Amino acid sequence: MPRFTISVDDGLNEFVENLADEDGPHSSKSKAAAALLAEARELHESEYDDLEELFAKADRVDELEADLEHTEARVEDLRQQLQAANAKDEQVQELATYIEDERRVEQQWREAGLLTKTKWKVFGMPGDEDSSTA
């Protein structure tokens, strides 16, 4: 096992001596110092792992935020497409109603007699606001 020598201040030396005391968990100052260094390493590695996990979570949050922005943009695009489709549907419905009315008028005209057609030419057809004929 490699060895190395360190110098410490009086307070730290007393702390290590207390750990290495006969009633302490370690039998010598060297073993106490080695145990403290091992604990420090574990703590450092644990903190490093925690930081890595936090960075990974932060990256995932960034990805989810980007996905949310994309989804919100897509929803807005689809909402606009739906509004356009609804507007076209309304126009189609208006056109269909107009065509049905025109067909009804044409049918009435074809089925009307000469006297009725003449009356409609002069006074307009029933329900015809502008008094014009088909």
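Look up a bit, the structure's there.
If you're wondering where the values come from, they're calculated on a predicted model, not measured in any experiment.

Give a detailed account of the overall build of the chain, specifying residues and quantitative values.
Each helix and strand in the chain was counted, giving 3 helices and 0 strands. Each helix (α) and strand (β) of the chain, taken in turn from the N terminus, gives the series α-α-α. In terms of C-alpha radius of gyration, the chain reaches 46 Å, well past the compact-globule figure of 14 Å for 134 residues. The C-alpha extent of the chain, read off along each of the three principal axes, is 130 × 25 × 25 Å. Out of the 134 residues in the chain, the part that is buried amounts to 7%. Restricting to contacts in the chain with at least 6 residues of sequence separation, those with at least 24 account for 6%. If you sum the accessible surface of the chain, you get close to 11,900 Å²; carbon and sulfur atoms cover 54% of it. Counting 15 positive and 35 negative side-chain charges, the chain places the centres of these two groups 16 Å from one another.

Which residues make up the pattern of salt bridges, and what values do they have?
Applying the stated criterion across every chain yields a total of 6 salt bridges. Glu17 serves as the salt-bridge partner of Lys29, at 3.7 Å between the closest nitrogen and oxygen. Of this pair, Lys29 sits in helix H2 (residues 29-111) while Glu17 sits in helix H1 (residues 10-19), placing them 12 residues apart in sequence. Residue classification places Lys29 among the partly exposed residues on the basis of a relative accessible area of 39%.

Explain a negative patch on the surface residue by residue, including any values.
Residues Glu39, Glu42, Glu45, Glu47, Asp49, Asp50 and Glu52 make up a contiguous surface patch of negative charge. Residue position: Glu47 is located in helix H2.

Quick notes on the rules
- Throughout this description, residue numbers start from 1 for each chain and increase along the sequence as written.
- Per-residue local features are limited, in this predicted model, to residues with pLDDT of at least 70; the limit for side-chain atom pairs, both in listing and counting, is 80 or more; totals at the level of whole chains, interfaces and linings are taken over all residues.
- Based on all heavy atoms of the structure, the side-chain values leave hydrogens and waters out of the count.
- Going along the chain from the N terminus, every DSSP run of H or I of four or more residues is numbered as a helix, and every run of E of two or more is numbered as a strand.
- The globule rule used for comparison is 2.2 Å times the number of residues to the exponent 0.38, while the radius of gyration itself is calculated over C-alpha atoms.
- Using a 1.4 Å probe on the protein chains alone, a residue whose accessible area is under 20% of its type maximum counts as buried, one over 50% counts as exposed, and one in between counts as partly exposed.
- By definition, residues are in contact when any of their heavy atoms lie within 4.5 Å.
- Calculation of accessible area relied on Shrake-Rupley with a 1.4 Å probe; when residues are assessed, cover is drawn exclusively from the protein chains displayed.
- For this count, His and the chain ends are skipped, Lys and Arg are scored as positive, and Asp and Glu as negative.
- Where a charge lies is defined by one atom per residue type: Lys uses NZ, Arg uses CZ, Asp uses CG and Glu uses CD.
- Should a side-chain nitrogen of Lys or Arg be within 4 Å of a carboxyl oxygen of Asp or Glu, the pair is scored as a salt bridge.
- Residues form patches when they are more than 30% accessible in relative terms and have no salt bridge. Like charges link within 9 Å. Nonpolar side chains (Val, Leu, Ile, Met, Phe, Trp, Tyr) link within 5 Å.

What is shown is where atoms sit, not what they do.
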